[in-house]
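Descriptive analysis of the structure
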Amino acid sequence: MKHDVKTRKGAGSLVLLLCFLMSTLLSACGNPASGAAGELDGTAAIRKYCTYGAFFRAEGTVDLSELGGTAKDIETAALELRTGNGEEDRTSFEIPFSVSKTKLTFRTAEHLDEGLCLDTLETGDTAAFLKLTRKDGSTALLALADGTGSETTGPQDAIEYYTLPYGYHGRRKVTTAFERAGTTETLVFRTKRSRLPKDVYDIVVDPGHGGKDPGAQSGPYKESEVVLDLGKKVANALESAGYKVLLTRDGTEDPNVNMAYTEYDKDGRVNRTCASRAKLALSLHLNQNKHAGQNGVQIYKARQAGNDFAKSLADELVVFTALDYSTMGGRTEKGVYVRTFSNRELAAERSKARRKGYTFYDATTSTDYYFMIREYGCLATGAYVDGRNPAYGVNEYRTFPQGVESCLCELGFLSNEHDRQVLLNDQRGIAKALTRAVDAYIASLHEEPGSQTADLLAKESL
Ligand SMILES: [Zn+2]
């Protein structure tokens, strides 16, 4: 039966009062999942779910024949979130979907870092449903059941997410569960106030290279040394702004170890970054080019991520330091870049695998090339380093459902005179710019239309 507010308004005042008491009582019971049981028209199966940065993402399918309709009938799909059982406890936003015959495939957002931001959930339980609207205006409310059917994600791998600091909002922990909603189960987010555990961080600052690996070199200057100095300043600036920061190296590493080969050690930068359950990572690097005139900032992001975070980093660097945007090709926006494997690189990887006697990784031209983007993102970005290449260890978190939203920041060209001066002499400016970018990005998450924080702020300002 549809729970319709108009019908309630049309009824007598006693019925209205009873309904109000009932809904208050049900809200007090705090079970938005079972509260929706009577309204459910069917089930959608979540095939994969994970977090990426501050966002929860689910992908799944619906068998439309069970709903007695066809693909042609569906006008929109929306994710509906319920914190209680009243109309006012519901928010929803449209999500992308595609249909073929009787199968509907949905995902909670176009990009990995869009859609449901976990930082904006209210304290308490939030149940999630899929709402389909047909072309004739009728709707179907579907439970979001666990259909992962795999060992990598599922109820046994509940997400434990800790919110980023923002405004007056204290820290909160969000866990996922599948809870009974009538004859089926649906996805529920449990949000509680919480301290940040010792081993959980907000942001990873990852100065590239290190040990025996100098990275780019120009005259007496080594990329590994410059980004280490920069990284310490960036970490300090972020800590002063209230973030808990993990620095992947601090210069105490063994100078004889080539860190290009220890990335996948148990205590290497990949496993430490993934284990930190941080939301964001900044991998700091410097460029080099045989043309000394080549200069500027390049921020690389995951192929499936939106431009917002990378754009914020590039823009603040250009506004607050004397660095400029790189003019090199391949950018998606000024200063924002994506690099996936080229066919030539895949061929080289294939021949390397053959030479060393291991099975080629399942990489394609859609796979992110840089490990500090692909592997830090875990399940969300298709991390794949499982130890088959004997030259490396294992990313033990490759199927972990909580990925770090990572940008590889090529801050400038060590081979360019102008950039080099800025990189060596305005490190505080660079640290400040990156901190401003992180602040601006996190603030934007809370200002998204549909965000419950935005709704609360709007209510408070009334
Ligand atoms: Zn580098």
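These figures come from a predicted structure and were not determined experimentally. (Residues numbered from 1 in each chain as written. Predicted model: local features only at pLDDT ≥ 70, side-chain atom pairs only at ≥ 80, totals over all residues. Heavy atoms only, no water.)

Some thoughts on the overall build of the chain
Helix and strand counts for the chain come out as eleven helices and 22 strands. Taking all 462 residues of the chain together, the buried fraction comes to 50%. For the chain, the proportion of contacts with a sequence separation of at least 24, taken over those separated by at least 6, is 72%. (Helix = DSSP H or I, 4+ residues; strand = E, 2+ residues; numbered from the N terminus. Buried < 20%, exposed > 50% of the residue type's maximum accessible area, 1.4 Å probe, protein only. Contact = heavy atoms within 4.5 Å.)

A look at unusual backbone geometry
In this model, Lys101 sits at a positive phi of 55°, which is unusual for a non-glycine residue. Turning to its location among the elements, Lys101 is positioned in the loop between strand 5 (97–100) and strand 6 (103–107). When its relative accessible area of 76% is taken as the criterion, Lys101 is described as exposed.

A look at the pairing of strand 11 (residues 172–181)
Counting buried positions along strand 11 yields eight of ten residues, so the element is predominantly enclosed. Bridge analysis of strand 10 (residues 160–162) against strand 11 gives three bridges, and the strand direction is antiparallel. In the strand pairing of strand 11, Tyr162 is matched with Lys173. (Pairing = 2+ DSSP bridges.)

Structural notes on the confidence of the model for the chain
Summarising the model, the chain shows a mean pLDDT of 89, and 89% of its residues fall at 70 or more. Contacts from residues 1–16, a stretch scored under 50 in pLDDT, to residues over four places away or in other chains number 13 contacts. Scored below 50 in pLDDT, residues 23–28 shows five contacts in the model against residues more than four places distant or in partner chains. (pLDDT = per-residue confidence, 0-100.)

Some details on the coordination of the zinc ion
Here the zinc ion is held by the protein donor atoms His209 (NE2), Glu223 (OE) and His285 (ND1), which lie 2.0 to 2.1 Å from it. In primary sequence terms, the donor set of the zinc ion follows H-x13-E-x61-H. Residue Glu223 is found in helix 4 (residues 223–240), and its partner His285 is found in strand 17 (residues 280–287); the two are separated by 62 residues along the sequence. For Glu223, a relative accessible area of 3% translates into the label buried. His285 sits in the buried class, given a relative accessible area of 7%. (Donors = N, O, S within 2.8 Å, 3.2 Å for Na, K, Ca; no water.)

Some details on the environment of Asn295
Looking at the element boundaries, Asn295 is found in the loop between strand 17 and strand 18 (298–300). Sequence separation between Asn295 and Tyr325 is 30 residues, and the spatial gap between their C-alpha atoms is 7.9 Å. Not counting the four nearest positions on each side in its chain, Asn295 is found in contact with Asp324, Tyr325, Ser326, Thr327, Phe413, Asn416 and Asp419.

Remarks on the packing of aromatic side chains
Under the definition given, this model contains 15 aromatic pairs. Consider the rings of Phe341 and Tyr369, whose centres lie 5.1 Å apart with planes at 65°: the pair is edge-to-face. On the criterion of sequence distance, the pair formed by Phe341 in the loop between strand 20 (336–337) and helix 7 (343–356) and Tyr369 in the loop between helix 7 and helix 8 (371–374) is long-range, its members being 28 residues apart. Note on Phe341: relative accessible area 5%, which makes it buried. Ring plane angle 55° and centroid distance 6.0 Å describe the contact between Tyr358 and Tyr361, whose orientation is recorded as tilted. (Phe/Tyr/Trp six-rings, centres within 6.5 Å; stacked < 30°, edge-to-face > 60°.)

Focus: empty space enclosed by the protein
Evaluated as defined, the whole model comprises three cavities of 30 Å³ or more. In this structure, the largest cavity encloses a volume near 50 Å³. Lining the largest cavity are Leu64, Leu67, Gly68, Gly69, Thr70, Asp73, Ile74, Leu132, Arg134 and Ala140. Across the lining of the largest cavity, the residue classes break down as five nonpolar, three polar and two charged. (1 Å grid on protein atoms, 1.4 Å probe; cavity = no way out; pocket = protein on both sides within 12 Å on 5 of 7 lines; lining within 4 Å. Points joined across faces, edges and corners; volume = space filled by probe spheres on them. Nonpolar A, V, L, I, M, F, W, Y, C, P; charged D, E, K, R; others polar.)

Observations concerning the sheet that holds strand 22 (residues 405–413)
Here we have seven strands laid out as an open sheet, ordered 16-13-17-22-18-20-19, and mixed in their pairing. Unpaired on one side and paired on the other, strand 16 (245–247) and strand 19 (331–333) mark the two borders of the sheet. Sitting on the sheet, helix 4 is in contact with strand 13 (203–207), strand 16, strand 17 and strand 22, with an inclination near 150° to strand 17. Lying over the sheet, helix 10 (residues 427–447) contacts strand 13, strand 17 and strand 22, oriented at roughly 145° with respect to strand 17. (Axes fitted to C-alpha atoms, helices over the stretch in contact; angles between N-to-C directions.)

Brief notes about helix 4
In a regular helix each residue adds 1.5 Å, so 18 residues correspond to 26 Å; helix 4 covers 25 Å between its end C-alpha atoms and thus fits that length. Taken together, the buried positions of helix 4 are Glu223, Ser224, Val226, Val227, Leu228, Leu230, Gly231, Val234, Ala235 and Leu238. Once helix 4 finishes, Gly242 follows within two positions and takes phi at roughly 105°, a positive value. (Expected span 1.5 Å × (residues − 1).)

With respect to the nonpolar core
In terms of nonpolar packing, the biggest core is built from 76 residues, with Leu130, Leu282 and Leu411 touching the most fellow members. Looking at this core, the element that brings in the most residues is helix 10, giving nine residues. Summarising the domain contributions, this core has at least three residues from each of domain 1 (32–197) and domain 2 (203–446). Not counting chain neighbours up to four residues away, the residues in contact with Leu130 comprise Ala44, Val62, Ala77, Ala78, Ile95, Phe106, Ala140, Leu141, Leu142 and Leu144. In terms of nonpolar packing, the next biggest core, distinct from the first, is built from 33 residues, Leu246, Tyr264, Ala353 and Tyr361 among them. (Core = buried A, V, L, I, M, F, W, Y, C linked by side-chain atoms within 4.5 Å. Domains from an automatic or database assignment.)

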